[in-house]
Amino acid sequence: GLYDLDKKKYDKPLYKYMDMGAAIRCIKERKLRFVEPSCWNDQFEKLFYMATYCNVAPDVHPLLYANCFTKERMSEAAWQIYTHQGNGISANCVQFSVDVTKLREELASNIKNHPNWRFYEGLVDYQYDAKALTKLHLKNDRYEVRDELFSNNFSLDNFMTLLLLKRNMFEHEKEYRFFLIDEDT
């Protein structure tokens, strides 16, 4: 499910795969990069972020940034995705083991000076195939979230939950996501 940063949730190590350049920048700058979901390559992963939301408050569809991890220590899928041209371990890719408790502490520490920033996190939900996932929000042949899915009660939690949906063919990735929302934007 979806969790606010302050709630108790997944506490085992997570793993992050990066190409060598990104890994060196991360270590050298002591920064973990969050990206807007509109930058994601997979059209299905950014569907709900890029969709049109009618009759909802702007804070329910905010600008946000994400960082994706895996629960799997030895994830062939992650090696293939994050290595140069998908050539596996020999392609200058680095795997980091991430202490989730320390990551949360750092995230909480970094947002202390930014009262309008919020973090969410959650395990990706792989219950849909591509057709079913598209059908959740296809309306009038446009990518617009169907009003009947949430009626008048569409909330930020609903939106964040949608961003945790991924096609079931990728269930082996065991992905876990962190989201940063700047509520000032």
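The structure this text deals with has already been given above.
Reading the values: rules and limits
Residues numbered from 1 in each chain as written. Predicted model: local features only at pLDDT ≥ 70, side-chain atom pairs only at ≥ 80, totals over all residues. Heavy atoms only, no water. Phe/Tyr/Trp six-rings, centres within 6.5 Å; stacked < 30°, edge-to-face > 60°. Lys NZ or Arg CZ within 6 Å of the ring centre and 35° of its normal. Core = buried A, V, L, I, M, F, W, Y, C linked by side-chain atoms within 4.5 Å. Buried < 20%, exposed > 50% of the residue type's maximum accessible area, 1.4 Å probe, protein only. Helix = DSSP H or I, 4+ residues; strand = E, 2+ residues; numbered from the N terminus. Contact = heavy atoms within 4.5 Å.

**Concerning the packing of aromatic side chains**
Item 1. Tallied over the full model, the rule gives four aromatic pairs.
Item 2. A connected cluster of aromatic rings, assembled from ring pairs, spans Phe69, Tyr176 and Phe178.
Item 3. Here the guanidinium or amino end of Lys16 rests over the ring plane of Phe69, the centre of that ring lying 5.2 Å away.
Item 4. Seen from the ring of Phe170, Lys166 lies directly overhead, with NZ or CZ sitting 5.5 Å from the centre.

**Section: the nonpolar core**
Item 1. Of all hydrophobic cores here, the largest spans 28 residues; its most connected members are Phe48, Tyr53, Leu64, Phe159, Met160, Leu163 and Phe179.
Item 2. Secondary structure elements with two or more residues in this core: α2 (47-50), β3 (64-70), α6 (156-162) and β10 (175-182).
Item 3. Discounting residues that sit within four places of it in the chain, Phe179 has contacts with Phe34, Trp40, Leu64, Tyr65, Ala66, Arg118, Phe119, Tyr120, Met160, Leu163 and Leu164.

**Quick notes on unusual backbone geometry**
Item 1. Notably, Arg30 is not glycine yet its phi reads approximately 55°, a positive angle.
Item 2. In this fold, Arg30 is placed in the loop between α1 (20-29) and α2.
Item 3. One non-glycine residue, Lys174, lies in the positive phi region at around 50°.
Item 4. Turning to its location among the elements, Lys174 is positioned in the loop between β9 (165-167) and β10.

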